[in-house]
Amino acid sequence: MKVLFGAIATESNSFSSIPTSLRAFEAYGIYAGDEVYERAGFFRELARTVRSLAAEAGASAHPSIFAFAQPGAPMVQSAYEHLRDRLLRDIAACRPNLVILSLHGAMLSEQCLDCEGDILARVRALVGPAVPVGVVLDPHAHLTQRMLDHATLLSFMKEYPHTDLLDRTRDVWRICLEIALGRRAVPAWAVSDCRMISFWPTQNQPMRGFVDRMLAQEGCEGILSISFVHGFPYGDTPDTGAKVLVYADEHQHAAARCAGELQREIWSMRNETRIKTVSIDDALSRVGHEEKGLLVLADMADNPGGGAPADSTFILQAALNRGISGLAIGLIYDPQAVQICMDAGPGARVNLRVGGKLGPASGSPVDLAGQVMGVAESAQQSGLPEEDPTDLGAAAWVRSSGVDLLLVSRREQCYHPDAFSRMGIELSRHRGVVVKSTNHFQALFAPIAREILYLDAPGALPPDMSGIPFRIFDRPFWPRVSNPWTADEPSRLIT
């Protein structure tokens with residue numbers, strides 16, 4: 001048996017001005033063949049896992065392309081077609097008995113609003129109807145009919161932060177291998193549209209319990225796989241929004257019943273699960289007046305992991321205006337400011353124009369006088385579990401008016417406190433730290449935080465989902481409307 005596997009992933013923000021070109025993928029490395037086992041970044045463990053599973057089954061493993069880019073605008077069309085066609089050529093040459101793919105689920109290109117569906121349709125045309133095609137995806141995805149029609153099994157990670165990539169890979173492998181060996185029929189699926197757009201961090205209740213209940217139901221009463229597809233709010237497509245996807249062992253009615261029950265459950269929790277935000281002024285007031293413990297302030301709207309520029313200045317300017325000290329801010333993407341600091345060297349006094357360079361969502365540049373406290377030619381932060389450290393490029397620590405700025409030359413969201421400590425910034429000596437991230441910082445900042453506050457700040461990823469300026473997505477959804485279920489759907493009406 002021959003098993004081909006590969007990965008193409010990025011998350012496309014329809015409202016971003018940052019191009020996602022082939023160079024954006026090359027910055028993280030585009031790997032193929034045996035080099036994926038050593039060099040494929042956070043996909044390396046996935047590749048090694050599939051290789052190990054294939055060996056245990058007596059199958060030969062055939063790695064194809066592995067490519068990732070930091071989220072930005074929809075992919076340049078030529079870049080998308082280049083990566084897609086490399087994968088397809090490998091499949092055509094291999095003629096596999098089983099295909100395992102890791103795709104994001106929210107990839108868009110300049111001419112395609114459903115890249116995953118396009119890829120899967122072309123894969124299916126090559127391998128035929130009998131070869132299982134299993135796919136592991138990010139929950140911040142757009143679940144489309146084309147994806148469902150051409151994949152044998154779609155499994156979306158259940159955790160946010162996404163710490164279960166390998167677990168979901170093993171799930172997909174197990175089910176698809178049984179199908180390939182003729183031990184299991186192709187499962188039936190059902191989808192229930194939640195008509196909601198939001199974020200659902202899974203580390204706290206009630207979402208923690210919801211995820212645990214999904215896991216507990218798998219393997220019971222014919223249910224094979226359950227995914228809560230969170231959706232990606234900033235991708236403007238006909239399929240934007242949250243959905244529940246269930247696969248069952250040949251019994252579509254069982255899948256439909258389970259999907260409907262879970263959809264009603266997630267709807268009933270909508271106000272409890274909604275991220276509660278505080279204003280910039282209220283958050284900074286607490287930083288200024290509370291002496292004990294570290295307040296972690298999440299700048300959700302400037303999260304580069306969702307396609308934001310990571311150079312917004314709204315919080316920085318407010319802190320300087322109010323004379324707030326004991327605050328650190330990172331990771332601010334500003335290669336030009338970093339270069340000035342590198343040239344000046346540690347200890348130098350500099351006049352910098354920081355941030356505000358990549359568009360209206362970045363705010364205005366901030367002119368400040370500061371001291372270069374430290375620089376690094378190649379800074380890093382530790383990654384999420386089972387991931388390599390993240391390269392931040394050249395970096396600089398600048399102190400201005402009691403505020404410590406961590407400037408980087410590679411656009412990355414902040415995962416780990418050691419992004420600061422590796423540069424010499426000891427957060428234990430601060431009253432507050434602003435992290436440009438939505439939720440992936442949680443796992444590693446929570447242990448050192450007295451409290452975590454999500455900021456209602458301007459930016460490319462506004463926390464208020466009701467105000468997203470969709471042009472293509474045109475269905476009613478919560479929270480834009482209180483009840484997105486119309487009167488002519490009494491069986492679907494939720495109260």
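Before any of the text, the structure's been laid out above.
Described below are features of the structure shown in this document. Please read these numbers as outputs of a predicted model, since none were measured by experiment.

Comments concerning the overall build of the protein chain
Tallying secondary structure elements over the protein chain gives 15 helices and 17 strands in all. Taking 23 Å as the expected radius of gyration for a compact globule of 495 residues, we find that the protein chain reaches 23 Å, a close match to that expectation. Expressed along its principal axes, the backbone C-alpha trace of the protein chain runs to roughly 70 × 55 × 40 Å. Across the 495 residues in the protein chain, those meeting the buried criterion constitute 61%.

A closer look at the sheet that holds strand 4 (residues 133-137)
With parallel pairing, five strands are arranged side by side in an open sheet as 2-1-3-4-5. The open sheet terminates on both sides in strands that have one partner only, identified here as strand 2 (60-68) and strand 5 (153-156). Across the sheet, the mean angle separating the axes of adjacent strands is 15° when strand polarity is ignored. Relative to strand 4, strand 3 (residues 98-103) runs parallel, the two sharing four bridges. Across the sheet, the residue bridging to Ile100 is Gly134, located in strand 4. Contacts from helix 3 (residues 44-56) reach strand 1 (2-9), strand 2 and strand 3, with the element oriented near 165° to strand 2.

Some points on the sheet that holds strand 9 (residues 277-278)
Read from one edge of the open sheet, nine strands run 9-17-10-16-11-15-14-13-12, paired in mixed fashion. Edge positions in the sheet fall to strand 9 and strand 12 (349-354), since each of these pairs with one other strand and no more. Sheet topology note: the strand 12/strand 13 (residues 366-381) ladder contains six bridges and is antiparallel. Paired with Arg349 across the bridge in strand 13 is Gln371. Against the sheet, helix 12 (residues 314-322) touches strand 11 (327-333), strand 12, strand 13, strand 14 (390-400), strand 15 (403-408), strand 16 (432-435) and strand 17 (451-455), its axis set at about 130° to strand 13. In the packing of helix 13 (residues 335-344) onto the sheet, the strands contacted are strand 11, strand 12, strand 13, strand 14 and strand 15, and the crossing angle to strand 14 comes to about 70°.

Description of the pattern of salt bridges
Opposite charge on two side chains permits them to pair, given that their charged atoms come into close proximity. If you walk through the whole model with that rule in mind, you get 28 salt bridges. Across the pair Asp85 and Arg84 runs a salt bridge whose closest N-O atoms are separated by 2.9 Å. Where Arg146 meets Asp118, a salt bridge forms, and the shortest distance between an N and an O atom there is 3.8 Å. On the criterion of sequence distance, the pair formed by Arg146 in helix 6 (residues 145-150) and Asp118 in helix 5 (residues 115-127) is long-range, its members being 28 residues apart.

Digging into unusual backbone geometry
Between Gln205 and Pro206 the backbone carries a cis peptide bond, its omega angle lying at 5°. As for its position among the elements, Pro206 is in the loop between strand 6 (188-193) and helix 8 (207-217). The peptide bond linking Trp478 to Pro479 adopts the cis configuration, its omega dihedral lying at 15°. Looking at the secondary structure, you find Pro479 in the segment after strand 17.

A word on the pairing of strand 15
The side chains of a regular strand alternate, residue by residue, between the two faces of the sheet. Of all six residues in strand 15, six are buried, a share of seventy percent or more. Of the two faces of strand 15, both are covered, the one formed by Val403, Leu405 and Leu407 as well as the one formed by Asp404, Leu406 and Val408. As paired strands, strand 11 and strand 15 are joined by five bridges and run parallel to one another. In the strand pairing of strand 15, Ile329 is matched with Leu405.

Quick word on the packing of helix 8 against helix 9 (residues 252-268)
The geometry of helix 8 relative to helix 9 is characterised by a closest axis approach of 12 Å and an angle of 170° between their N-to-C directions. Compared by their axis directions, helix 8 and helix 9 come out roughly antiparallel. Contacts from Met207, Phe210, Arg213, Met214 and Gln217 in helix 8 reach Cys258, Leu262, Glu265 and Ile266 in helix 9. Per-class residue counts for the contact of helix 8 with helix 9 are six nonpolar, one polar and two charged.

A word on the packing of aromatic side chains
In this structure the tally under the stated criterion is 15 aromatic pairs. Here the aromatic rings of Tyr28 and Phe68 are separated by 5.1 Å at their centres, their planes lie at 90°, and the arrangement is edge-to-face. With Tyr28 in the loop between helix 1 (22-26) and helix 2 (36-39) and Phe68 in strand 2, the pair connects residues that are 40 residues apart, well separated along the chain. On the basis of relative accessible area, Phe68 is assigned to the buried category, the value being 16%. When the ring of Trp200 is compared with that of Phe228, the centres are 5.0 Å apart and the planes differ by 80°; the resulting orientation is edge-to-face. Linking Trp200 in the loop between strand 6 and helix 8 with Phe228 in strand 7 (residues 223-229), this pair joins segments that are 28 residues apart in sequence. No difference in accessibility class separates Trp200 from Phe228, as the two residues are buried. The ring of Tyr28 has Arg410 lying over it, and the distance from NZ or CZ to the ring centre is 4.0 Å.

Procedures and definitions
Residues numbered from 1 in each chain as written. Predicted model: local features only at pLDDT ≥ 70, side-chain atom pairs only at ≥ 80, totals over all residues. Heavy atoms only, no water. Helix = DSSP H or I, 4+ residues; strand = E, 2+ residues; numbered from the N terminus. Rg over C-alpha atoms; globule rule 2.2 N^0.38 Å. Buried < 20%, exposed > 50% of the residue type's maximum accessible area, 1.4 Å probe, protein only. Pairing = 2+ DSSP bridges. Axes fitted to C-alpha atoms, helices over the stretch in contact; angles between N-to-C directions. Contact = heavy atoms within 4.5 Å. Salt bridge = Lys/Arg side-chain N within 4 Å of Asp/Glu carboxyl O. Parallel < 35°, antiparallel > 145°, perpendicular 65-115°, else oblique. Nonpolar A, V, L, I, M, F, W, Y, C, P; charged D, E, K, R; others polar. Phe/Tyr/Trp six-rings, centres within 6.5 Å; stacked < 30°, edge-to-face > 60°. Lys NZ or Arg CZ within 6 Å of the ring centre and 35° of its normal.

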